[in-house]
Amino acid sequence: MKKPYYSLKDYFAKKYNKKIHKITIDAGFTCPTRDGTKGRDGCLYCDARGSGNGSFNRGMSVADQVKQARKYLRERHNAEKFFLYYQAFTNTYADAGRLKAVYDEGLGCDEGDIAGLIIGTRPDCVDEEKIRLIAGYHPGYEVWIEYGLQSIHQRTLDLIQRGHGKEDYSRAVRMTECFPVNMTTHIIVGLPHETHNKIMETIRFILKTGGVRSLKIHSLYIPLGSKLAELYQKERFKLMTRDEYIRTAADILEVLPPDIIISRLTGETSRAELLAPEWVLDKQGVIRGITEELRRRGSWQGKHSG
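Below: a short report on this structure. Keep in mind it's a predicted model, so treat the numbers as computed, not measured. (Residues numbered from 1 in each chain as written. Predicted model: local features only at pLDDT ≥ 70, side-chain atom pairs only at ≥ 80, totals over all residues. Heavy atoms only, no water.)

## Thoughts on the overall build of the chain
The helix and strand tally for the chain stands at 10 helices and 9 strands. Its C-alpha atoms put the chain at 45 × 45 × 40 Å along the principal axes. For the chain, with 306 residues in total, the buried portion stands at 56%. In the chain, once contacts between residues fewer than 6 apart in sequence are set aside, the share between residues at least 24 apart is 81%. Per element, the accessible surface of the chain, about 14100 Å² overall, is 48% carbon and sulfur. (Helix = DSSP H or I, 4+ residues; strand = E, 2+ residues; numbered from the N terminus. Buried < 20%, exposed > 50% of the residue type's maximum accessible area, 1.4 Å probe, protein only. Contact = heavy atoms within 4.5 Å. Areas by Shrake-Rupley, 256 points an atom, 1.4 Å probe, with all protein chains shown as cover.)

## Notes on the environment of D243
With respect to the helices and strands, the residue D243 is situated in helix α9 (residues 242–255). According to the relative accessible area criterion, D243 is partly exposed, its value standing at 45%. Counting along the chain gives 65 residues from D243 to C178, while the straight-line C-alpha distance between them is 40 Å.

## Here we look at the pattern of salt bridges
Counted under the stated rule, the structure contains 21 salt bridges. A salt bridge links K15 to E142; the nearest nitrogen and oxygen atoms lie 3.2 Å apart. Placement of the pair is K15 in helix α1 (residues 8–16) and E142 in strand β4 (residues 142–150), with a sequence separation of 127 residues. Between E146 and K216 there is a salt bridge whose closest N-O contact spans 3.2 Å. Linking E146 in strand β4 with K216 in strand β6 (residues 214–219), this pair joins segments that are 70 residues apart in sequence. Both residues of the pair, E146 and K216, belong to the buried class. Because the salt bridges share partners, they merge into one network encompassing D251, E254, E293, R296 and R297. (Salt bridge = Lys/Arg side-chain N within 4 Å of Asp/Glu carboxyl O.)

## Here's the deal with the packing of α9 against helix α10 (residues 283–297)
The N-to-C vectors of α9 and α10 enclose an angle of 55°; their axes lie 9 Å apart at closest approach. What the angle tells us is that α9 and α10 run oblique. Crossing hand, α9 versus α10: right-handed. Every residue of α10 that contacts α9 at R242, Y245, I246, R247, A249, A250, D251, L253 and E254 is listed here: G285, V286, G289, I290, E293, L294 and R297. Along the lines of polarity and charge, the residues of the contact of α9 with α10 split into 8 nonpolar, 2 polar and 6 charged. (Axes fitted to C-alpha atoms, helices over the stretch in contact; angles between N-to-C directions. Parallel < 35°, antiparallel > 145°, perpendicular 65-115°, else oblique. Left-handed = near helix turned anticlockwise from the far one by under 90°. Nonpolar A, V, L, I, M, F, W, Y, C, P; charged D, E, K, R; others polar.)

## With respect to the sheet that holds β4
The 7 strands lie next to each other as β1-β2-β3-β4-β5-β6-β8, forming an open sheet whose pairing is parallel. Both edges of this open sheet fall to β1 (20–25) and β8 (261–264), since each of them pairs with a single strand only. Geometrically, the sheet is characterised by an average inter-axis angle of 25° between neighbouring strands, direction not taken into account. By the bridge criterion, 6 bridges tie strand β5 (residues 182–189) to β6 in an arrangement that is parallel. Looking at β6, one finds that I187 is bridged to I217. Across the sheet, helix α6 (residues 166–176) touches β4 and β5, and the angle it forms with β4 is around 165°. (Pairing = 2+ DSSP bridges.)

## Digging into the pairing of β5
In terms of burial, β5 is largely enclosed, as 8 of its 8 residues are buried. Of the two faces of β5, both are covered, the one formed by N182, T184, H186 and I188 as well as the one formed by M183, T185, I187 and V189. Of the strand pairs in this sheet, β4 and β5 are connected by 6 bridges, and their pairing is parallel. When the bridges of β5 are listed, Y147 appears paired with T185. In this region the chain leaves β5, passes through helix α7 (residues 196–209) and returns to the parallel neighbour β6; the handedness of that crossover is right-handed. (Right-handed = clockwise from strand over helix to strand, strands pointing away.)

Put into structure tokens, the structure is as follows:
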């Protein structure tokens, strides 16, 4: 049965008619909230690897990461084509010369099976020169840039130590719209002290700003050893229950236009790295719950106006 939302897997299948997988890359970048520019501790929820796999610190070059992942994904998942996903930390946080060298190193491993690039970054870490560089890989490759917005509410952004505001996001989107680059916006649902209304305000702001082709919805979880874990152990702020998250994700999907791709529906981590809540460990169960909730409502993405 067809899913009641437009998934990234559906998009890839329709466009390429091949089995597509991402190759996640840790290129050794950092972030302005870690190097002293805007802070030292990073975002409150971020782990020591910056959401990456730690490959760079283990001495693996970008090319080595691509080759190793390609072999594994071909053998284990019968992958036919790949997107290089520069994921760890902030992947535009360097001068254009270094960025080009890093992106070129990954694409230099192309054996006719790399379909495109996905660059994960922050909206305050791009400028026209960097976006022009990324756009320059098109039309040879499909190019995406992923902006971590998380929330539009400044109180929340300050609490989680993001170091940017919603105006930075608006500026980045307007700039990127001038180039052949697809945009994904990343939000976190369940941030401390955010109400349902505040979450939906973030969604409405994203839709009003425009430009977004894809949305990543990430459930908040608390990594062991993070600054967020310290705050939680001190304050015991309320975490979303599984059912609350499922209902909220369904509410979001209902107001999205049908052509917006859903690149993620929940968070994902391992038991060894998780403090709370335990329900995030059942990723597929949560996704099934969201799908069942939408079907129970008789809802499909974009069916309702909000």
